[in-house]
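The primary structure of each chain is shown beneath.
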Amino acid sequence: MTPPKWRQTTIAFPDPHAADQVATAHLAPILVDAETRQLITTWFYVRKGTWRLRYLPASTTADHYLASQLARLRHDRHISAAVPGIYEPETYAFGGTRAMDTTHHLWHHDSRQLLTPGSNHLAARHPELSIMLAAAMMRAAGLDWYEQGDVWARVANHRDPPQPTLVNNLLHAVKRLLTADPASLTHQGAPLAATRSWFEAYIAAGDTLNRLNRTGQLQRGLRATLAHHVIFAWNRRSIPGLHQAALATAARNIIFGTNPTAPSAPGGDS
């Protein structure tokens, strides 16, 4: 049997600045309901100016159901357009077919968490939380301290150089985030208890990428693959490019120092 193909719909919002609120209140419930009805198995979104919703159907009625629900959102003016298109997974960028499956599962969990109404209070902390999630994923992928620094350097290289003052202002906070222990912050009653399954998803993805890499099934370098994961996670959170550059550069400088020949960081082998 031929496996079902991913679907894509490009969604535009009347007010792009309110897209997250509208998606949380109106779009996510439709997708969760489609999951519950076993019409789809996995879904996620990316931001490309407009939003691109991707989903994997599990029923022949999935497309009709979602099309009708999106038409209702257009009628009610929650969205301004919903245009079907073709999804072309970036399979090479994320390490091959098996790694792409892992990536889709992670993006599904990430998207679901970001659009969960109870997560709204975390919106202002998404940049900080994303660094902790990425660091946990890198550790699960078997990267030592300096290998993690190489990932952050790769991310920084994808962006225009940030202002040194902005980077310096972030150093103390980013160092705390890179070295934080998620287990101590996500247990019951802890400040980030609501994010426990979020960390588990990133750790599971990192562990799978590590296994694929060790068994020769990862078709791109592990660190290059992880750098792409960081960039996509930040784009999904609508973190501006200049702020992405500053965060990644701060993380790189913490690990290697501003002078790469004189790193001042704990642990790891060069």
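Let us look at the structure shown here. (Residues numbered from 1 in each chain as written. Predicted model: local features only at pLDDT ≥ 70, side-chain atom pairs only at ≥ 80, totals over all residues. Heavy atoms only, no water.)

Moving on, we get to the nonpolar core. Counting 76 residues, the largest nonpolar core has Trp-152, Val-174, Leu-178, Leu-226 and Trp-234 as the members making the most contacts within it. Broken down by element, this core gets its largest block of residues, nine residues, from helix H4 (residues 126–140). Lining this core are residues from two domains, each supplying at least three of them: domain 1 (5–83) and domain 2 (93–254). Residues within four places of Leu-178 in sequence aside, it is in contact with Ile-131, Ala-135, Arg-139, Trp-145, Trp-152, Ala-251, Ile-254 and Ile-255. Counting residues in hydrophobic clusters, the runner-up holds ten residues, among them Leu-56, Ala-93, Phe-94 and Phe-232. (Core = buried A, V, L, I, M, F, W, Y, C linked by side-chain atoms within 4.5 Å. Buried < 20%, exposed > 50% of the residue type's maximum accessible area, 1.4 Å probe, protein only. Helix = DSSP H or I, 4+ residues; strand = E, 2+ residues; numbered from the N terminus. Domains from an automatic or database assignment. Contact = heavy atoms within 4.5 Å.)

With that out of the way, let us pick up the packing of helix H5 (residues 145–157) against helix H9 (residues 222–236). Describing two packed helices takes the angle between their axes plus the distance from one axis to the other. The interhelical angle for the contact between H5 and H9, taken along N-to-C directions, is 55°, at an axis separation of 9 Å. Considering their axes alone, H5 and H9 lie oblique with respect to each other. Relative to H9, the crossing made by H5 is right-handed. Within the contact between the two elements, H5 uses Glu-147, Asp-150, Val-151, Trp-152, Arg-154 and Val-155 and H9 uses Arg-223, Ala-224, Leu-226, Ala-227, Val-230, Ile-231 and Trp-234. Of the residues contributing to the contact of H5 with H9, the split by class is nine nonpolar, no polar and four charged. (Axes fitted to C-alpha atoms, helices over the stretch in contact; angles between N-to-C directions. Parallel < 35°, antiparallel > 145°, perpendicular 65-115°, else oblique. Left-handed = near helix turned anticlockwise from the far one by under 90°. Nonpolar A, V, L, I, M, F, W, Y, C, P; charged D, E, K, R; others polar.)

For the rest of this paragraph, the subject is helix H6 (residues 164–179). Because an α-helix packs 3.6 residues into every turn, residues spaced three or four apart end up facing the same way. Over its 16 residues, H6 extends 22 Å from the first C-alpha to the last, a length consistent with the 22 Å expected when each residue adds 1.5 Å. Its axis deflected by about 45° at Leu-171, H6 carries its strongest bend there. Among all positions in H6, only Val-167, Leu-170, Val-174, Leu-177 and Leu-178 are buried. Residues of H6 that are buried make contact with H4, H5 and helix H10 (241–256). (Expected span 1.5 Å × (residues − 1). Bend = angle between axes of the 7 residues up to and from the residue.)

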